[in-house]
Amino acid sequence: MVRPDVGNRKRDWEAFARCCMRLPTFAASPNNASIMDSNMDKQQQKLVLYNTLTRRKAEFEPLHAPHVGMYVCGPTVYGDPHLGHARSAITFDILFRYLTHLGYKVRYVRNITDVGHLEHDADEGEDKIAKRARIEQLEPMEVVQHYTRRYHRAMELLNVLPPSIEPQASGHIIEQMELVNRILANGYAYESEGSVYFDVARYNQDHRYGILSNRNVDELLNTTRELDGQTEKRNPVDFALWKRAAPEHIMRWPSQWGEGFPGWHCECTAMGRKYLGDHFDIHGGGMDLIFPHHECEIAQAVAAEGEQMVRWWVHNNMITYNGQKMGKSLGNAITLEEFFTGSHPLLAQAYRPETIRFFILQAHYRSTVDFSNEALQASEKGLERLFEAAERLAKLTPSDGPSTIDVSGLRTRCEEAMCDDMNTPIVISHLFDAAKAINTVHDGRATLSADDLAELQSAFRLFMDDILGLRSAAPSDEKDEAYRRAVDLLLSVRQQAKQNKDWATSDRIRNELSALGFVVKDTKDGAEWSL
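What this report covers is the structure whose coordinates are included nearby. (Residues numbered from 1 in each chain as written. Predicted model: local features only at pLDDT ≥ 70, side-chain atom pairs only at ≥ 80, totals over all residues. Heavy atoms only, no water.)

Scanning the protein from N- to C-terminus turns up 17 helices and 15 strands. Among the 531 residues that make up the protein, the fraction classed as buried is 52%. Long-range pairs, those at least 24 residues apart, make up 76% of the contacts in the protein between residues at least 6 apart in sequence. Total accessible area on the protein is roughly 24000 Å²; 49% of this is exposed by carbon and sulfur atoms. (Helix = DSSP H or I, 4+ residues; strand = E, 2+ residues; numbered from the N terminus. Buried < 20%, exposed > 50% of the residue type's maximum accessible area, 1.4 Å probe, protein only. Contact = heavy atoms within 4.5 Å. Areas by Shrake-Rupley, 256 points an atom, 1.4 Å probe, with all protein chains shown as cover.)

Set out below in structure tokens:
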């Protein structure tokens, strides 16, 4: 392979990050099904996104509008998904939905890691999936299949839209080996005892390793130099591109370097290039992936091709519990299944998937979210208020005259919040303001004209359902529907008793329902109930 013009001169990567230059050649995405009736002509504002690479917010402009290429790091499927997985998936689901709403044709790639991710995100130790397979006496792909299905089911319950493409690392071994060969040919990697490592010191002579995480690699290299020679690496900071498989290692592939498996960082670089081209718009993931994973991805892409692949790096922050990150590796993770069933000792009750989604969206994606039962219970109550307002809004009828309450501007205000780095907490606050107006009209204290009502219904549904992805859970089966009808029937009996002035029966029905946890509210149109 002909080595690209990288030379020995120091490139000004800081200038690249400041300017975030427009990169050439993007493989155009096919039309994906629109999730909303919207197009580019409707957009009045530019989406502004925070770029971790530049450390600032800037207007988002795709390389080849209306096409957008977005790659997001998916799960390593060796266990059940937890709240941290939900936050990342929901964050980029919102971005996917909103970009589509703006009229872009988005090719959204989210990978499944099923090989090469070693314990503690290190270059030594056991593969996480192989370890689970050994413990459960299963084939590794049985583990992968089982937990991938459970991940998909959890995402479906959270109303996370599926990506356009969901490639698996084990299905792209050839592409990863080709990447390793390009890096070797360009002089930025070396073989050692059947493994191949990225040479960070050599790379740092021509480029800058640490541009994304803002790490001082020269200082790191100097402080670790005394450890040279103690492992098969030249420097502890070097990372594996290909690992020789130990005799007991289950997952292995033949290569020119011997039997082994790709390093964890290779898969996203290889698969991102395959499905989105040499340069694409957005790479996303959790903030904990900035270093080393995404830093290594940048180094691999530059070492292989001479320039960066990704223009916009977007990261969501962590879920914490008592200020500490929640995660499987820390032993304090609560799985989504445990949230949905209430089966974890830290949980006071079960929480519906839509409550979890709402809880996550109430905080900006770049801020931490601290888990507590009190916070989830508050989210549950708040979401019920919005669902109740949505139901009431659907039943409102317009007045013959002009509106007596101002409900204008909801769409504009929500668009402004979304265009400001996906500020979902502000969107939610605007929906609560709209809910107050809806309740005022519902209670007969104000009226809406036909035009104002239609616009309010359209805007509320757009941001509540289509963009935030918040939907009330439908009855899960015929028993739930029968249960609802039984309560409605009981309230109709109570209404008839009131009309007959049988106050004793009316009060008895209401009191006994209240004792069972029902909230019954009398309105001019009849009784409403909730739990």
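A separate point is the nonpolar core. Ranked by internal contacts, the top residues of the largest apolar core, which has 82 residues, are L49, I282, F339 and F460. Core analysis: the second largest hydrophobic core is formed by 45 residues, F198, A299, A304 and V310 among them. (Core = buried A, V, L, I, M, F, W, Y, C linked by side-chain atoms within 4.5 Å.)

Below, the discussion takes up the side chain of H82. Mapped onto the secondary structure, H82 falls in the loop between β3 (67-72) and α2 (83-101). Its relative accessible area of 9% is what places H82 among the buried residues. Side-chain polar atoms of H82 contact the backbone nitrogen of G84, separated by 3.0 Å. (Polar contact = N/O pair within 3.5 Å; in protein donor to acceptor, adjacent residues only side chain to side chain.)

Tallied over the entire structure, the rule returns 13 aromatic pairs. Consider the rings of Y188 and Y203, whose centres lie 5.8 Å apart with planes at 75 degrees: the pair is edge-to-face. One end of the pair, Y188, is in the loop between α5 (173-185) and β5 (189-192); the other, Y203, is in helix α6 (residues 200-206), with 15 residues separating them in the sequence. Assigned by exposure class, Y188 and Y203 land together as buried. Ring pairing ties together the aromatic residues Y188, F198, Y203, Y209, F239 and F291, which thus form one cluster. Seen from the ring of Y190, R234 lies directly overhead, with NZ or CZ sitting 4.0 Å from the centre. For the cation-ring pair, R366 lies above Y50, with the distance from its terminal atom to the ring centre recorded as 4.1 Å. (Phe/Tyr/Trp six-rings, centres within 6.5 Å; stacked < 30°, edge-to-face > 60°. Lys NZ or Arg CZ within 6 Å of the ring centre and 35° of its normal.)

Its 16 residues give helix α9 (residues 290-305) an end-to-end C-alpha distance of 21 Å, which sits within 8% of 22 Å, the value for a rise of 1.5 Å per residue. Taken across its 16 residues, α9 has 13 buried, putting it largely inside the fold. (Expected span 1.5 Å × (residues − 1).)

As a further point, take the sheet that holds β5. Strand order in the open sheet formed by 4 strands is β5-β6-β7-β8, with antiparallel pairing between adjacent strands. Each edge of the open sheet is held by one strand with a lone partner, namely β5 and β8 (260-262). Looking at each pair of strands side by side, their axes are set apart by 20 degrees on average, direction ignored. (Pairing = 2+ DSSP bridges. Axes fitted to C-alpha atoms, helices over the stretch in contact; angles between N-to-C directions.)

With respect to the helices and strands, the residue S429 is situated in helix α14 (residues 424-442). A polar contact of 2.6 Å, which involves the side chain of S429, links it to the backbone oxygen of I426.

Of note, the bond from A65 into P66 is cis; its omega dihedral lies within 30 degrees of zero at 5 degrees. By secondary structure assignment, the location of P66 is in the loop between β2 (56-59) and β3. Residues F291 and P292 are joined by a peptide bond in cis, for which omega reads 10 degrees. With respect to the helices and strands, P292 occurs in helix α9. Although it is not a glycine, K501 sits at a positive phi angle of roughly 60 degrees. Given a relative accessible area of 62%, K501 falls into the exposed group.

With the rule as written, the count across this model stands at 24 salt bridges. Where E136 meets R132, a salt bridge forms, and the shortest distance between an N and an O atom there is 3.4 Å. You can see E136 and its partner R132 sitting in helix α3 (residues 128-136), 4 residues apart, about one turn around the helix. A salt bridge links E512 to R508; the nearest nitrogen and oxygen atoms lie 3.0 Å apart. Of this pair, E512 and R508 both sit in helix α17 (residues 503-515), 4 residues apart, which is roughly one turn of that helix. What makes E512 partly exposed here is its relative accessible area of 45%. When salt bridges with common partners are traced through the structure, they connect R494, K498, R510 and D522 into a single cluster. (Salt bridge = Lys/Arg side-chain N within 4 Å of Asp/Glu carboxyl O.)

With that out of the way, let us pick up the packing of α3 against helix α4 (residues 140-157). Where α3 meets α4, the axes come as close as 8 Å, and the angle between the chain directions of the two elements is 105 degrees. The orientation of α3 with respect to α4, classified from their angle, is roughly perpendicular. Between α3, through I129, R132, A133 and E136, and α4, the contact on the second element is made entirely by P140, V143, V144 and Y147. Tallied by class, the residues present in the contact of α3 with α4 amount to 6 nonpolar, no polar and 2 charged. (Parallel < 35°, antiparallel > 145°, perpendicular 65-115°, else oblique. Nonpolar A, V, L, I, M, F, W, Y, C, P; charged D, E, K, R; others polar.)

Relative to β2, strand β1 (residues 48-51) is paired through 4 bridges, and the arrangement is antiparallel. By the bridge assignment for β2, Y50 is matched with K57. The antiparallel hairpin formed by β1 and β2 contains 4 residues in its connecting segment, where R55 sits at a positive phi of about 60 degrees.

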